Every structure is written in C-alpha cells, then in structure tokens.
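# Descriptive analysis of the structure
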Amino acid sequence: MSAVLRKLPLSVQHVFAMFGATVLVPILTGLSPGATLVASGLGTLVFHAVTRGKVPAYLGSSFAFIAPLTLYVTRHHAPQQAVTGLVSVSIVYFVFALIVRAVGFDRVRRAIPSVVVGPVVSIIGLSLATTAVTVDASTHWDVAIVTLAAAVACAIAGPRALRIIPILAGIVIGYVYALARGLVHVGQAAAQAKWIEFPTFHAPAWSLAAVASMAPIALVTMVEDLGHMFVLNEIIDRDVTRDPGFGSILLGNGLATLISALLGGPAETTYAENLGVLAMTRNFSSRIIQGAAVIAILLGLVGKVSAVIQSIPPAVVGGVGILLYGMIAAMGIRHMIEAKVDLTKTKNLIVVAVIFIIGIGAPQNGIAIATVAGLMIYWLLPDRTAS
C-alpha cells in the first residue's frame, strides 16, 4: 500500500499533463468531457495490455479529428455517425498493424534516417509552442512565470521528493498563486456538477461520408504516433518499435480508439505532453501511467472533482507547457547529435530546414506533412551518402 501511495503523486502529475488537451477536444467538438476522460483511461489501459506494459505512453484525445467530429456531433447532431467514422479509423489501424507485422518494422525503420527523425521529434514539441505561449501563458504572464520557475526550481534544486514530481509541484504552486490573485473560479462549477456522471454509449449508424472524412486521417495520426515513439526511444534509451513492436503499438491505439468511439469519446493518440513528463522525471514505470489512467477514469465519473481540475487557469498550464514541450524539442536535437548527422552537407540541411518550417508553420497535420516531405527530399535528391 505504501508503494502505491508513493507512486500516486507521479500518476497525478501525468493526469495534469494530459488533462487540458484531452478535455479541450470534447469541449470544441460537442462530446462529453467526462466520457472522454473515461475513454482515455480505458484506452490507455488497453494499450498497455496489448503492448505488455513495455510502452510507457498515455493516450488522450487526438486533435486531428476535431473538424469532422465537430461537423457530425455539433452541426449535424449525429453522434452515431461520428461513431461510425471513428470505428473506421480503428479498422485502418488494425490493417496497418497487420501490414507492419507482415513486412517487418526493420524495413520501415531503414526508410526513415536520423536526419528526418531528429527534426520530426523536435517539431512535435515546437508545434505546441503557440498553445503554451500564445494561448495559455499569455493570459497571465506572471502566473505562467511563477509556475515555470517553480517547476524548474523543484527539478534542479528541490529536495528529492519534489525532484521526481516537478511538474505537479509547479502546477500546485502556480494554482495557489493564481488563487491568491483571484484568478481561480471553481465554486459555482463544482456546486453545479454531479457527483457521479456515467458516459453515454452510442451505437454506430452507417455513414459513408463519415467514414470518408475520418478514415484517411488515421494515416496522419499513425505517422504522429511513430514520431512520438521516436521521442520515447530517446527518453527511455530503448527501442519500443522493436519490442513490443510498432505493429503492437498500432493495434493498441486502434483498440483504444474503438473503445473511445463506443463510449462517446474522440479518437485516441499517444500524448507528447506525457512524454515531456517522462523526460523531466526520468521515471519510466508503466505502472505510473496505468495509475494515471485509473485516476482519469475516476475523474470522468466524479463530476465535482473534474470541475475542480478544470478550474486550473490556462496560464498555469502554459507555464509547465513551456518546459514540457521544450524538453521534447531538445530531444530531437540530441538525437541528431548522437546520430552524428552532418549538417555541413547541403542535402541534410535542406531536409532539416523543410521539416522545421512545414512542421511548425502548417495549420493542420503539419507533423505528418513535414515527415512525408522530409522523407521525399531525402530519398529523391541525389547524394545518398548523407546521414
């Protein structure tokens, strides 16, 4: 029991890291935040079961499907058709999982050189910079700075108990500061929230248009998943695309999305926010992630607790986001250094340049587009001696 209590703050830290983005998707699309949290937790547990606990990743709401989900849930008032679209996404995942297992990931991996992997890892973090700074931190810069400074101080100079939970400590300190500033308003929302709220199950209703609008996006999120796995490999110094294998990772993500769809939630994807927590804490236990999943399920069912967490000001989220997303960007640079990528070669420099600008500048699906562009440049341009 004492071991569980020691790990509880670490799990809570992962919950805070994923909470804002995971809940934002249902708020934007008209889905239920409570159902989304329950689906996220269950999806993560299923993912860990499929990958045999060898991939310490958390699965939350995918932003790639916001447009079609908004169309069918909010505008057409047809959540059952949205379910059909998301089920088709899971089927695409299953098919590609079988293909990867049949062909072998080694062939896939050889086609993706380090000069592409490094900058793709970096833009996963950098693409979130606008959210952290412009959307969140800029709402109250003093709150964001206090939160960021507290997290950094705890990570570097804090006692051991705080060094393992610097993100959680930063959020708590930032929240208290924001509360003192009068920026936290939780009383009315908590009073109106129910104690127990169960998700609503939705039976799929056939819609070819919904399938056509969502199934192709699965190709984008699979590329994003691959990028996240490259980040995770750098953090934990182990190749999860080999063990348990990228096929298992795709299968787990597909099952998570299927479960989420039937519960009335959005598509699921591995979360860069939680990878940032892993990089900061250096604690890679899958049990901790699984604990976070259980907490997410409970939060989705307990409306009043969920209301309190949703009262965390955006500036607090932005403060820790600056640190988390920056850590991911730095991991990509480290990968290129360790792989000895030669940026004096024009071809390599062009690949990195194109990936950075497209990945950060593209309004939608920039990471996937940048990855494809980088691979095309690398393999189509001459001088195959580049790193």
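With an unreviewed UniProt entry as reference, the protein chain is termed Solute carrier family 23 protein, source organism Alicyclobacillus sendaiensis PA2. Note on the protein chain: under the UniProt heading Sequence similarities (unreviewed entry), the record states "Belongs to the nucleobase:cation symporter-2 (NCS2) (TC 2.A.40) family." On record in UniProt, under Subcellular location (unreviewed entry), the comment for the protein chain is "Cell membrane".

### Focus on the packing of aromatic side chains
Inspection of every chain in the model, using the stated rule, returns 2 aromatic pairs. For the ring pair phenylalanine 105 and phenylalanine 246, a centre distance of 5.5 Å and an interplane angle of 45° mean the geometry is tilted. Here phenylalanine 246 lies in helix α14 (residues 241–263) and phenylalanine 105 lies in helix α5 (residues 105–110), a separation of 141 residues in the sequence. Here phenylalanine 105 matches phenylalanine 246 in class, with each residue buried. Between lysine 347 and the ring centre of tyrosine 378, over which it is positioned, the NZ or CZ distance is 4.5 Å.

### Quick word on the environment of asparagine 253
According to the relative accessible area criterion, asparagine 253 is buried, its value standing at 0%. Along the primary structure asparagine 253 and leucine 232 are separated by 21 residues, whereas in three dimensions their C-alpha atoms are 16 Å apart. Leave out the neighbours within four places in its chain, and asparagine 253 touches Phe47, Leu59, Tyr93, Asp225, Glu268, Thr269 and Thr270.

### Description of unusual backbone geometry
Among all residues except glycine, the phi angle is most often negative; among peptide bonds, the trans geometry is most common. Cis geometry is adopted by the peptide bond preceding proline 244, which originates at aspartate 243 and carries an omega value of 20°. Within the secondary structure, proline 244 is located in helix α14. Phi is positive for arginine 52, close to 55°, though the residue is something other than glycine.

### Points about a nonpolar patch on the surface
There is a patch of nonpolar side chains on the surface, built from Ile91, Val95, Phe96, Ile99, Val103 and Leu219 and spanning about 470 Å² of accessible area. Of all the elements, helix α4 (residues 79–103) adds the most residues to the nonpolar patch, at 5 residues. Within the secondary structure, isoleucine 91 sits in helix α4.

### A word on α14
Its 23 residues place the ends of α14 only 29 Å apart at the C-alpha level, less than the 33 Å of an ideal helix rising 1.5 Å per residue. One or two steps after α14, the chain reaches glycine 264, where phi turns positive at roughly 90°.

### Some details on the environment of valine 95
Tracing the backbone shows valine 95 in helix α4. Judged by relative accessible area, which is 39%, valine 95 ranks as partly exposed. Along the backbone, valine 95 and threonine 221 are 126 residues apart, and their C-alpha atoms lie at a distance of 14 Å.

### Some details on the side chain of threonine 147
Structurally, threonine 147 is set in helix α8 (residues 141–157). Those residues in contact with threonine 147 that sit more than four places away from it in its chain are Gly170, Ile171, Gly174, Val316, Gly319 and Val320.

### Remarks on helix α16 (residues 286–301)
For α16, which comprises 16 residues, the first-to-last C-alpha distance of 23 Å matches the rise-based estimate of 22 Å (1.5 Å per residue) to within 8%. Within α16 the residues assigned to the buried category are Ser286, Ile288, Ile289, Gln290, Ala292, Ala293, Ile295, Ala296, Ile297, Leu299 and Gly300. Its side-chain oxygen 3.2 Å from the backbone nitrogen of arginine 287, serine 285 forms the N-cap of α16.

### Here we look at the pattern of salt bridges
What the rule picks out here adds up to 7 salt bridges. With a shortest N-O distance of 3.3 Å, aspartate 243 and arginine 52 are connected by a salt bridge. Of the two residues, aspartate 243 is situated in helix α14 and arginine 52 in the loop between α2 (33–50) and β1 (59–61); the sequence distance between them amounts to 191 residues. Note that arginine 181 is salt-bridged to aspartate 142, the shortest N-O span being 2.7 Å. Linking arginine 181 in the loop between α10 (166–180) and α11 (187–192) with aspartate 142 in helix α8, this pair joins segments that are 39 residues apart in sequence. Residue arginine 181 is classed as partly exposed on the basis of its relative accessible area, which comes to 38%. Beyond isolated ion pairs, a larger network of salt bridges with shared partners links Arg52, Lys54 and Asp243.

### Points about the environment of valine 223
Within the element layout of this structure, valine 223 appears in helix α13 (residues 217–236). Valine 223 sits 149 residues away from valine 372 along the chain, and the two C-alpha atoms are 8.9 Å apart. Non-local contacts of valine 223, meaning those with residues more than four positions away in its chain, are made with Ala368 and Thr371.

### Here we look at the packing of α10 against helix α18 (residues 314–338)
The geometry of α10 relative to α18 is characterised by a closest axis approach of 9 Å and an angle of 155° between their N-to-C directions. As judged from the angle between their axes, α10 and α18 are roughly antiparallel. The handedness of the crossing between α10 and α18 is right-handed. Note on element contacts: α18 touches α10 through Val316, Val320, Leu323 and Leu324, opposite Ile167, Ile171, Gly174 and Tyr175. By residue class, the composition of the contact of α10 with α18 is 7 nonpolar, 1 polar and no charged.

Cut-offs used in this document
- Residues numbered from 1 in each chain as written.
- Predicted model: local features only at pLDDT ≥ 70, side-chain atom pairs only at ≥ 80, totals over all residues.
- Heavy atoms only, no water.
- UniProt positions renumbered as here; feature names shortened; annotations may be inferred.
- Phe/Tyr/Trp six-rings, centres within 6.5 Å; stacked < 30°, edge-to-face > 60°.
- Helix = DSSP H or I, 4+ residues; strand = E, 2+ residues; numbered from the N terminus.
- Buried < 20%, exposed > 50% of the residue type's maximum accessible area, 1.4 Å probe, protein only.
- Lys NZ or Arg CZ within 6 Å of the ring centre and 35° of its normal.
- Contact = heavy atoms within 4.5 Å.
- Patch = residues over 30% accessible without salt bridge, like charges linked within 9 Å, V, L, I, M, F, W, Y side chains within 5 Å.
- Areas by Shrake-Rupley, 256 points an atom, 1.4 Å probe, with all protein chains shown as cover.
- Salt bridge = Lys/Arg side-chain N within 4 Å of Asp/Glu carboxyl O.
- Expected span 1.5 Å × (residues − 1).
- Polar contact = N/O pair within 3.5 Å; in protein donor to acceptor, adjacent residues only side chain to side chain.
- Axes fitted to C-alpha atoms, helices over the stretch in contact; angles between N-to-C directions.
- Parallel < 35°, antiparallel > 145°, perpendicular 65-115°, else oblique.
- Left-handed = near helix turned anticlockwise from the far one by under 90°.
- Nonpolar A, V, L, I, M, F, W, Y, C, P; charged D, E, K, R; others polar.

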